[in-house]
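This is what each chain is made of:
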Amino acid sequence: MKEESAMYFARCPWYVAGPLIGLIIVGLRLTLNRPFGAAGGLVELVERFGNRRALGAPAFIALGTVLGGALFAVLSGTFGFTWQYGAGAALLPASNVSQFAMLTLAGLVMGYGARMAGGCTSGHGLCGMSLGSRASVLATMTFFGTAVLLSSLFAFLAAQQQ
Amino acid sequence: MKTKFTALVFGTGFGFVIAWARITDPMVIRRMLRLQEADVFLLMGAAIVVAAIGVRLLRAFGARAVVTSDAIAWTTPAPARHHVIGSVIFGIGWSVAATCPGPMLAMIGQGRLAGLFVAAGVLAGLALQGAAARRRMPTALTADQASATCV
């Protein structure tokens, strides 16, 4: 059963997943006339903490994203709690405590930057780009450029250490 | 209520699809950022093209939003310095965590609890930037404006 469901849920190819995400952006426009973005809901959370009734569409998009991940994991038979960050952690410190500290710090930097920039990979990179926003094009080029350069630098430094 | 439910449904769809496409796996993001695989770039490109066509069709037909009855329209901000500086900062964090706010949320749903540390950091960073912006310009950021910050 588990193997069978894992087979159905082999990695969804980009030419299916991409258009589906595009349709989600269109769907939000069609139903609510709202932009799509993950960070906006988290901004709502920190701004209106403790006042659940005031949470609006962005926060429910963010909540749904968590549920969607859970739904996929359950249906594909891959749900399970783990503290492991996987092979993606290769460049992070090996010990759990310093790895978690590093992830928290990286998150803090991301949150600060995303709010300053007015959006993240989904808000600017997907939604804003699709609307032809010049600010989003600028933001997306900037964060991709920065992250690609730094990722190569980290890999280079890691190779030097060995 | 209907608004929140609709948002929840689309959010769930998004979380499901990015988990299915393995975007919630930091290794996939790491490979993308090292330009070792094109899938995520292609995925984003395909999403942008479909969304760009779709939303323009809705606007061209003068459609009204099904739930809220708003006329379908949008405005975009003029590019400014904060878009660049904020995105450099965001890019630095992204390159270390190899995940960003959307995949981070779906990752937590999948049971990958290390994502909670990223999330704690992101929430703190969002709050910190809000506080810093308010201190610079005390009247600039009401709660409503703040929640509409993200494009």
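The structure we're discussing is the one just above.
Remember, predicted model here, so these are calculated numbers, not experimental data. (Residues numbered from 1 in each chain as written. Chains lettered and ligands numbered in written order. Predicted model: local features only at pLDDT ≥ 70, side-chain atom pairs only at ≥ 80, totals over all residues. Heavy atoms only, no water.)

S.K.: Which residues make up the overall build of chain B, and what are the values?
M.R.: Assigned secondary structure in chain B consists of 7 helices and 0 strands. Listed N to C, the secondary structure of chain B is α-α-α-α-α-α-α in terms of helices and strands. With 151 residues in all, chain B has 52% of them scored as buried. Relative to all contacts within chain B whose residues are 6 or more apart in sequence, the contacts with residues 24 or more apart total 42%. Surface accessibility of chain B: about 6,500 Å² in total, with carbon and sulfur atoms responsible for 67%. On chain B, the mean spot of the 14 positive side-chain charges and the mean spot of the 5 negative ones are 7 Å from each other. (Helix = DSSP H or I, 4+ residues; strand = E, 2+ residues; numbered from the N terminus. Buried < 20%, exposed > 50% of the residue type's maximum accessible area, 1.4 Å probe, protein only. Contact = heavy atoms within 4.5 Å. Areas by Shrake-Rupley, 256 points an atom, 1.4 Å probe, with all protein chains shown as cover. Lys, Arg positive; Asp, Glu negative; His and termini not counted. Charge placed at Lys NZ, Arg CZ, Asp CG, Glu CD.)

S.K.: Hey, could you go over the interface of chain B and chain A for me, with residue numbers and the actual values?
M.R.: Listed as interface residues are 111 residues of chain B and, on the opposing side, 110 residues of chain A. Roughly 10,300 Å² is buried in total at the junction of chain B and chain A, and carbon and sulfur atoms are behind 76% of that figure. Viewed at the interface, chain A and chain B are joined by 2 salt bridges. One salt bridge connects Glu37(B) with Arg11(A), and the closest N-O pair in it is separated by 2.9 Å. Inspection of the chain B/chain A interface yields 26 residue pairs in polar contact (both at pLDDT 80 or more). Looking at the side of chain B that touches chain A, the elements with two or more residues in it are α1 (2-20), α2 (26-33), α3 (39-60), α4 (81-97), α5 (101-109), α6 (114-136) and α7 (143-147) of chain B. (Buried area = accessible area lost by both parts, 1.4 Å probe. Salt bridge = Lys/Arg side-chain N within 4 Å of Asp/Glu carboxyl O. Polar contact = N/O pair within 3.5 Å; in protein donor to acceptor, adjacent residues only side chain to side chain.)

S.K.: Lay out α6(B) with the relevant residues and their values.
M.R.: Between its terminal C-alpha atoms α6(B) stretches 34 Å, which fits the 33 Å expected from 23 residues at 1.5 Å a residue. Turning to α6(B), its buried residues are Ala114(B), Gly115(B), Val118(B), Ala119(B), Gly121(B), Val122(B), Gly125(B), Leu126(B), Gln129(B), Gly130(B), Ala132(B) and Ala133(B). (Expected span 1.5 Å × (residues − 1).)

S.K.: How would you sum up a nonpolar patch on the surface? Please name residues and give values.
M.R.: Together, Tyr15(A), Val16(A), Leu20(A) and Leu23(A) line one region of the surface with nonpolar side chains, adding up to about 360 Å² of accessible area. Mapping Leu23(A) onto the fold places it in helix α2 (residues 14-32). (Patch = residues over 30% accessible without salt bridge, like charges linked within 9 Å, V, L, I, M, F, W, Y side chains within 5 Å.)

S.K.: Tell me about the pattern of salt bridges, and name the residues and values.
M.R.: For the structure shown, the criterion picks out 4 salt bridges over all chains. Note that Glu37(B) is salt-bridged to Arg31(B), the shortest N-O span being 3.2 Å. It is possible to trace a salt-bridge network through shared partners that takes in Arg11(A), Arg31(B) and Glu37(B).

S.K.: Before we move on, can you summarise helix α5 (residues 96-117) of chain A with the specific residues and values?
M.R.: Residue and element names in this part refer to chain A. For α5, spanning 22 residues, the distance from its first C-alpha to its last is 31 Å, which sits close to the expected 32 Å at 1.5 Å a residue. Regarding α5, the residues found buried are Gln99, Phe100, Leu103, Ala106, Gly107, Met110, Gly111, Gly113, Ala114, Arg115, Met116 and Ala117. Positive phi shows up at Gly118, right after α5, with a value of about 80°.

S.K.: Help me get a handle on the packing of aromatic side chains, residues and values and all.
M.R.: With the rule as written, the count across this model stands at 17 aromatic pairs over all chains. Here the aromatic rings of Phe144(A) and Phe41(B) are separated by 5.4 Å at their centres, their planes lie at 40°, and the arrangement is tilted. Highlighted residues: Phe144(A) in helix α7 (residues 134-161) and Phe41(B) in helix α3, drawn from two different chains. Using a relative accessible area of 12% as the deciding quantity, one classes Phe144(A) as buried. With relative accessibility at 32%, the residue Phe41(B) sits in the partly exposed group. (Phe/Tyr/Trp six-rings, centres within 6.5 Å; stacked < 30°, edge-to-face > 60°.)

S.K.: Describe the environment of Arg30(B), and please don't skip the residues or the numbers.
M.R.: Residue and element names in this part refer to chain B. As for its placement among the helices and strands, Arg30 is situated in helix α2. On the basis of relative accessible area, Arg30 is assigned to the buried category, the value being 6%. In the structure, Arg30 is positioned 30 residues away from Ala60 in sequence and 39 Å away in space, judged by C-alpha atoms.

S.K.: So, the packing of α1(B) against α5(B): which residues are in play, and what are the values?
M.R.: Residues and elements named next belong to chain B. Direction vectors running N to C along α1 and α5 enclose 85°, while the axes themselves pass 9 Å from each other. Classed by the angle they form, the pair α1 and α5 counts as roughly perpendicular. Residues Phe14, Gly15 and Ile18 of α1 pack against Gly102, Pro103 and Ala106 of α5. Here the residues of the contact of α1 with α5 are counted per class, giving 4 nonpolar, 2 polar and no charged. (Axes fitted to C-alpha atoms, helices over the stretch in contact; angles between N-to-C directions. Parallel < 35°, antiparallel > 145°, perpendicular 65-115°, else oblique. Nonpolar A, V, L, I, M, F, W, Y, C, P; charged D, E, K, R; others polar.)

S.K.: Could you give an account of the side chain of Glu44(A), naming the residues involved and the relevant values?
M.R.: Counting through the fold element by element, Glu44(A) comes out in helix α3 (residues 39-47). At a separation of 3.0 Å, a polar atom in the side chain of Glu44(A) contacts the main-chain amide nitrogen of Ala59(A).

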